[in-house]
Amino acid sequence: QSFQMASAGCSGLATIDSKRLLSGTKNGVVQIFEEGKEASTFKVGEKTCRVKFCPGSSAIATGGNEELLKVWDLATKKQTFKARNVKPDKLDLRYPVHILDISFFTNTSSSSSSQQQQQQQQAATQIVTATAHHQVRFYDTKAQKRAIWSHKIGENAVRSVLALRDGITIIAGDGAGETLQLDSRVNGRIVGKFKGVGGAITCISQDESGEFLSTTSLDRFVRVYDIKTRKMLNKVYLKQRVSSCLFCKNPEGTEEQAPEGKDKTVWDILESQRNKTVSSKKRKQKRAGGEK
């Protein structure tokens, strides 16, 4: 099916459930489509750079250029939270507001239904944002309107941010390709780095198992990392600039096996790409040894 979105550039896209689709535009219009038709629409701002849906709830978060973080209820189409800007600096100058990305905290470590329900409620209240002024900020809508903490990263705009499913770790990527791991328990302290990226980060995603991380960047590569070791498992060149990337889940009872002569799975492609890279390095080493 195809959907007619407002012509102002997409700032967010998400599936609410099996029948409803949510989209946000850069002029602050949020549209909800149901069975291929526009069911409802409402305004959330003027210069909205990001619209983010919280899975397992009816909440969305928005932010943009001089648009503070806001949380909306899709059921009532009303604003439930509006953040306040951080306190002025030492010279009493106001900090500019420019949110580029938003992520909700979701913790899926427990198995009981009561704990999962509490985690879903917590996910709609704990939010992390990335700004064009190289800042990562953590909000708790139940605690206060100002950010709990704000951490500066380098000198480049933080273009993408992701709160991992452990409820602790934050991954942030900036305009120079720096992909950093932060700990939310110690005010966003940098505890690690994912190396190998050569362009501005456009998207960061995590698989459902919580073991792997993927990044896309303007160097046209998709990279897959092991979250625990922060080692790059592989990378694939996609010939065009990629704006987003997600892990696909196989239907229950199926396996990732591709018949001969048909399309390979993503893991087969990653493995073949890695083998090509290793073999090319070996050839270069042999040539260098022969020349000596």
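Here the structure is a predicted model, which is why all the values come from computation and not from measurement.

## As for the pairing of strand S19 (residues 221-226)
Of all 6 residues making up S19, 5 are buried, and the element is well covered by its neighbours. Sheet topology note: the strand S18 (residues 212-217)/S19 ladder contains 5 bridges and is antiparallel. What sits directly across from Leu-213, in S19, is Tyr-225. Counted along the chain from S18 to the antiparallel partner S19, the turn is 3 residues long, and its residue Arg-220 has a positive phi close to 75°. One ladder, built from 5 bridges, connects S19 with strand S20 (residues 232-237); its direction is antiparallel. Each bridged residue has a counterpart across the sheet, and for Tyr-225 the counterpart in S20 is Met-232.

## Digging into the sheet that holds strand S5 (residues 48-53)
Across the sheet, which stays open at both edges, the 4 strands sit in the order S5-S6-S7-S8 with antiparallel pairing between neighbours. For this open sheet the edge positions go to S5 and strand S8 (78-82), each flanked by a neighbour on one side alone. Recorded for the sheet is a direction-independent mean angle of 25° between the axes of neighbouring strands. As paired elements, S5 and strand S6 (residues 59-64) share 5 bridges and run antiparallel to each other.

## Thoughts on the pattern of salt bridges
Evaluated as defined, the whole model comprises 7 salt bridges. Taking the shortest distance from any N to any O, the salt bridge between Arg-20 and Asp-17 comes out at 3.0 Å. Its relative accessible area of 35% is what places Asp-17 among the partly exposed residues. Close ionic contact of Glu-67 with Lys-70 constitutes a salt bridge, the shortest N to O distance being 3.5 Å. Per residue, the accessibility class of Glu-67 equals that of Lys-70, and both read buried.

Calculation notes
- Residues numbered from 1 in each chain as written.
- Predicted model: local features only at pLDDT ≥ 70, side-chain atom pairs only at ≥ 80, totals over all residues.
- Heavy atoms only, no water.
- Buried < 20%, exposed > 50% of the residue type's maximum accessible area, 1.4 Å probe, protein only.
- Helix = DSSP H or I, 4+ residues; strand = E, 2+ residues; numbered from the N terminus.
- Pairing = 2+ DSSP bridges.
- Axes fitted to C-alpha atoms, helices over the stretch in contact; angles between N-to-C directions.
- Salt bridge = Lys/Arg side-chain N within 4 Å of Asp/Glu carboxyl O.

None of the figures reported here should be taken as evidence of function without further support.
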